[in-house]
Structures are given as C-alpha cells and as structure tokens.
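Take a look at the letters that make up each chain.
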Amino acid sequence: MLHRPLLAILIGSLAVFVLAILGGRLTGPTITDELSRRAEAAIAEAGGKGVVTAVFRSPGGAPSRHPVLEGGEGLNEKKRDQIAKAVARTKGVGGISWADGNGLAEGGEPPINPRHCQDDVRALLAARTIRFEESSATIQPSSVSLIDEVAKALRPCLGSVVLVTGHTDKSGPEKLNQILSRDRAESVRNALIARGLPEDSIRAEGVGSAVPVDGLNPADPANRRIDFEVIQTAKIKPTPVDTPGPH
C-alpha cells in the first residue's frame, strides 16, 4: 500500500513547486527592479550613464542579484573598472560580470558572518518546528510565518550557500523515508526562493532517519525535522583573470 502515500508525496511536492515558481515570479522582479534602480544610479555617478546597463537576470532568464554589465565597449579599462566597482558597492548586489566576459574581482558588500545567520535560524527552530501535512511534503499553513522568519534570518547572509536538510524518524520503510525527507527539504527550499532568496544559494538534501537527534530513540517522532546549515561563503575572490577590463 505504499503507492498511496508516495502518490500523496509526489502531488504535494508538485503543488509546492508550482506555488514556489509563481511566488518567485511575483517577488523576484520587485527585488531586481529595486537593484536595477540602485545600480543605474551608481553607474551614472561613475560616469557610465547611457553607456552601461546592469541586467539582473541569470542566463536562463530568472531574476538574479548577480548582474551582467552590458555596453561600455568604447570605454577604457580604468573607466570600466570604476563603473563595475561602483555597482558592486551597491547594497544587495552580488558578484558582477561583463557581458563580454570580463568579471568583477570582488562584490561590494561588507564581509558576512555565516555562523551568525545559522545561529539565528537555529534559535528560531529551538522551540518551533516546520510542520508538514501527514505523509506529505506540503508545509502546513501554521508554519508559514516560521518560514517567513527563517527567510528573514538568512537574508543578511546572501552570498553564502545554505544547506536545507530533511530528516524523518525510523518508522516506515527507509526508502520512503529518504524520499519524504528530500521532498520536504525541497519544499522548504522552494518556499525560501519564493521569498526572494537566490535559488543558486539554497541547496536541499534528505537523509531519512540516518541522523536522529542526539539522545533520542530513532523511532521518536521528534526526529522529524528540517535543519539549516550555512556551509560556505560564495564571495568572488580577486584574480587577474577576474579583474574588469576592456572588451
């Protein structure tokens, strides 16, 4: 009879995925529109108005906080460098590249402390749990506000890679536990993306019942949980190849 809960999991995952995509389309443009306005002002201040444009979209067309600078082919190396670094200093902007292949050496945001964000999220989850519908990856409505708070806590560490891990207890077949834990982690990832976190910075995995809470029986329902770990920063380091230059 495993096909019924598995079908429910698949249907729930599909529904969450669709809602996440729709949410991302609604919130993504708002964020990138604001970044575009800030970048346009920075470009004008650096002397590139009407010549250089910052495009906040990924190669696949999705909203992104990592802009591609277009134009400026006739500018000298010094001016292009000034414009790129002016955009990099703009609040909220990530790593930059030129459309002709020359990337910015370094983003302009102040150094981040990934551990601080991770501790903030763990504090939120110390007394509360992200809850799902029974045998499903659908997040319960009562947990929506908690997802909002988690997204807010992670936002200061944009530029880091966040790992979302789903766990189950030991009840039921482990193969199904693995699928369910992965689908639930993906649901949370999609919910965070729908709230404006960059999709390339959020990863998801499911470990089933393999990692119970310390001191708990593996069959204890309290093992059903979502963990968050800031596993690395993704700040671009300066290299001669990355330095902005003429086309």
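In short, a report on the structure. Predicted, not measured: the structure shown is a model, and the values here were computed from it.

1. A short note on the overall build of the protein
In step 1: What the protein contains, in helices and strands, is five helices and six strands.
In step 2: Secondary structure elements in the protein, listed N-terminal to C-terminal, are α-β-β-α-β-α-α-β-α-β-β.
In step 3: The buried share of the protein, reckoned over its 247 residues, is 42%.
In step 4: Taken as a whole, the protein presents about 13,200 Å² of accessible surface, with 57% of it coming from carbon and sulfur.

2. Side note on the environment of Gly208
In step 1: Tracing the sequence through the fold places Gly208 in the loop between β5 (202-206) and β6 (225-233).
In step 2: In this structure Gly208 comes out as buried when scored by relative accessible area, which is 0%.
In step 3: Counting along the chain gives 15 residues from Gly208 to Asn223, while the straight-line C-alpha distance between them is 9.7 Å.
In step 4: The residues contacting Gly208, other than those within four sequence positions of it, are Gly166, His167, Thr168, Glu174, Asn177, Gln178 and Ser181.

3. Digging into the nonpolar core
In step 1: The biggest cluster of nonpolar side chains holds 27 residues, and the ones touching the most others in it are Ile130, Val150, Leu154, Val164, Val188, Leu192 and Phe228.
In step 2: Looking at this core, the elements with two or more residues in it are α3 (114-125), α4 (144-154), β4 (160-167), α5 (174-194), β5 and β6.
In step 3: Among the elements that make up this core, the one with the highest residue count is α4 (six residues).
In step 4: Not counting the four nearest positions on each side in its chain, Val188 is found in contact with Ile130, Phe132, Ile139, Ile147, Val164, Ile226 and Phe228.
In step 5: By size, the runner-up hydrophobic cluster in this structure holds 17 residues, among which are Ala46, Ile83, Ala88 and Val93.

4. A word on unusual backbone geometry
Working note: non-glycine residues mostly have negative phi, and peptide bonds are mostly trans.
In step 1: In the Ramachandran plot, Ser135 falls in the positive-phi region, its phi being about 50 degrees despite a non-glycine side chain.
In step 2: With respect to the element layout, Ser135 can be found in the loop between α3 and α4.
In step 3: The exposure class of Ser135 is partly exposed, given its relative accessible area of 31%.

5. Brief notes about the sheet that holds strand β3 (residues 97-98)
In step 1: In space, the three strands of this open sheet follow the order β1-β2-β3, with mixed pairing throughout. In this open sheet, the two strands that pair with only one neighbour each are β1 (52-57) and β3.
In step 2: The pairing of strand β2 (residues 63-71) with β3 spans two bridges and is classified as parallel. In the strand pairing of β3, Val68 is matched with Ser97.
In step 3: In the packing of helix α2 (residues 77-88) onto the sheet, the strands contacted are β1, β2 and β3, and the crossing angle to β2 comes to about 165 degrees.

6. Observations regarding the pattern of salt bridges
In step 1: In the structure shown here, the tally under the stated rule is eight salt bridges.
In step 2: Salt-bridge contacts for Asp148 lead to Arg195; the nearest nitrogen and oxygen are separated by 2.5 Å. Highlighted residues: Asp148 in helix α4 and Arg195 in the loop between α5 and β5, separated in sequence by 47 residues.
In step 3: Residue Arg195 is classed as partly exposed on the basis of its relative accessible area, which comes to 25%.
In step 4: The salt bridge partner of Asp169 is Arg224, with a shortest N-O separation of 2.6 Å. With Asp169 in the loop between β4 and α5 and Arg224 in the loop between β5 and β6, the pair connects residues that are 55 residues apart, well separated along the chain.
In step 5: A single network of salt bridges, built from pairs that share partners, joins Glu34, Arg37 and Arg38.

7. As for the pairing of β2
Successive residues of a regular strand alternate their side chains across the two faces of the sheet.
In step 1: Pairing of β1 with β2 involves five bridges; the strand directions are antiparallel. Bridge assignment links Thr53 to a residue of β2, and that residue is Glu70.

8. What about α5?
In step 1: Taking 1.5 Å of rise per residue, 21 residues should cover 30 Å, and α5 covers 30 Å from first to last C-alpha, within 8% of that figure.
In step 2: Across the 21 residues of α5, 15 count as buried, placing the element largely inside the fold.
In step 3: Count one or two residues on from α5 and you reach Gly196, which has phi positive near 105 degrees.

Criteria and thresholds
Residues numbered from 1 in each chain as written. Predicted model: local features only at pLDDT ≥ 70, side-chain atom pairs only at ≥ 80, totals over all residues. Heavy atoms only, no water. Helix = DSSP H or I, 4+ residues; strand = E, 2+ residues; numbered from the N terminus. Buried < 20%, exposed > 50% of the residue type's maximum accessible area, 1.4 Å probe, protein only. Areas by Shrake-Rupley, 256 points an atom, 1.4 Å probe, with all protein chains shown as cover. Contact = heavy atoms within 4.5 Å. Core = buried A, V, L, I, M, F, W, Y, C linked by side-chain atoms within 4.5 Å. Pairing = 2+ DSSP bridges. Axes fitted to C-alpha atoms, helices over the stretch in contact; angles between N-to-C directions. Salt bridge = Lys/Arg side-chain N within 4 Å of Asp/Glu carboxyl O. Expected span 1.5 Å × (residues − 1).

None of this, on its own, says anything about what the molecule does.
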